[in-house]
Structures are given as C-alpha cells and as structure tokens.
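One letter stands for each residue in the lines below.
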Amino acid sequence: MIFYSRLYNFIIKTTDKRVPHFARNFWEYEAGPKTIFFWAPMCKWVMVIAGISDLSRPAELLSIEQATSLAATAYIASRFSMVITPKNYTLFSVNIFVAITQTIQLFRALNYKHQQGELFNNFKEKKKSRKSVYIFYFQSLKKIFTFIMN
C-alpha cells in the first residue's frame, strides 16, 4: 500500500508542474483529480457503459427489480452529490446517466411484461390498460424527482 501512495504522490507532484493555467482551478478543486472524489465517479462510468450495452439485450432478460433499484439509487445519489460540500459534479453527472439508462431499461422490461400479459398476473385487476401502467410509473417518477429537487 505504501508503494501506491508514494507512486500517487510522485505522479501528482510531477503533473502539478505541468497543469496549464486555464485548467488550474479544476486541478485544485476540492473534488478535482487530486482526490478520490473525482476518481470514484470516473470508475462508475463503467455502469453507464454496461447500461448502454444492455440496450441491445432482449427485453425478456431484463429485470424490473434491478432496473428499478439502480435507477432509484442513482436518482438519490445525484441529489446527494449536490447537497454535500464540496459539490461533486462528476458524481452528479455519472448518477444522472446511470438513472437515465436504467429508466430506459425499466420501460423496456415493463413494456415487454405488459405485452406478454405477465405484468398483472398477481393482481385482480388483470385487465388494466397499457396507459395505466405508464401513468403509475410516471407518478412514481414524479415523486422521485420531487424528492430529488427538494
């Protein structure tokens, strides 16, 4: 572990001298490239890439529970990244993209389940229209967005 700390410090000291004047504010920012607050969200972009690659996956293989939980946690984490000090814009951006990709996946999974007639198998109201499914989902999203914005 000591080796990595020394390597990191060496890289930062070497790079610090070469950062151009116009990028100095970004380099010195509290959540900039010198801190973990920058690199952890950068690693999270892998989830966005995975979500985009899953857009080509067949809808019958998508999990409604997984897409819902990933989208909800991403919406909540994006709100959190704007409340903490310092504001972490890299964390905000990656969480918004995770939320968007997972919301798209959720719509795809819901649409597939509805077309197969599997969406309301456990409910008495089996004959609900497709429109009511989307209205329910949009109302849920509205509650999440209201929570995020407040």
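- As named in an unreviewed UniProt entry, the protein is Mitochondrial pyruvate carrier, taken from Polypedilum vanderplanki.
- Within the UniProt record for the protein, the comment given under Subcellular location (unreviewed entry) is "Mitochondrion inner membrane".

### Re the overall build of the protein
Stage number 1. A tally of regular secondary structure across the protein gives six helices and zero strands.
Stage number 2. For the protein, the N- to C-terminal ordering of α and β elements is α-α-α-α-α-α.
Stage number 3. Taken over 150 residues, the protein has a buried fraction of 28%.
Stage number 4. On the protein, roughly 10,700 Å² of surface is accessible, and the fraction owed to carbon and sulfur atoms is 66%.

### Re the layout of surface pockets
Stage number 1. The volume enclosed by the second largest pocket comes to roughly 180 Å³.
Stage number 2. Lining the second largest pocket are 14 residues; nearest its centre among them are Asp 54, Gln 66, Leu 70, Gln 102 and Gln 105.
Stage number 3. For the lining of the second largest pocket, the elements supplying multiple residues, two or more each, are helix H3 (36-53), helix H4 (64-83) and helix H5 (89-116).
Stage number 4. Its residues assigned to classes, the lining of the second largest pocket comprises seven nonpolar, five polar and two charged.

### Some remarks on the side chain of Asn 95
Stage number 1. With respect to the helices and strands, Asn 95 occurs in helix H5.
Stage number 2. A relative accessible area of 0% means that Asn 95 is categorised as buried.

### Some remarks on a nonpolar patch on the surface
Stage number 1. A contiguous nonpolar surface patch, about 570 Å² in accessible area, is contributed by Phe 3, Tyr 4, Leu 7, Phe 10 and Ile 11.
Stage number 2. For Leu 7, the position within the fold is in helix H1 (residues 2-16).
Stage number 3. For Leu 7, a relative accessible area of 37% translates into the label partly exposed.

How each quantity is defined
- Residues numbered from 1 in each chain as written.
- Predicted model: local features only at pLDDT ≥ 70, side-chain atom pairs only at ≥ 80, totals over all residues.
- Heavy atoms only, no water.
- UniProt positions renumbered as here; feature names shortened; annotations may be inferred.
- Helix = DSSP H or I, 4+ residues; strand = E, 2+ residues; numbered from the N terminus.
- Buried < 20%, exposed > 50% of the residue type's maximum accessible area, 1.4 Å probe, protein only.
- Areas by Shrake-Rupley, 256 points an atom, 1.4 Å probe, with all protein chains shown as cover.
- 1 Å grid on protein atoms, 1.4 Å probe; cavity = no way out; pocket = protein on both sides within 12 Å on 5 of 7 lines; lining within 4 Å.
- Points joined across faces, edges and corners; volume = space filled by probe spheres on them.
- Nonpolar A, V, L, I, M, F, W, Y, C, P; charged D, E, K, R; others polar.
- Patch = residues over 30% accessible without salt bridge, like charges linked within 9 Å, V, L, I, M, F, W, Y side chains within 5 Å.
- Salt bridge = Lys/Arg side-chain N within 4 Å of Asp/Glu carboxyl O.

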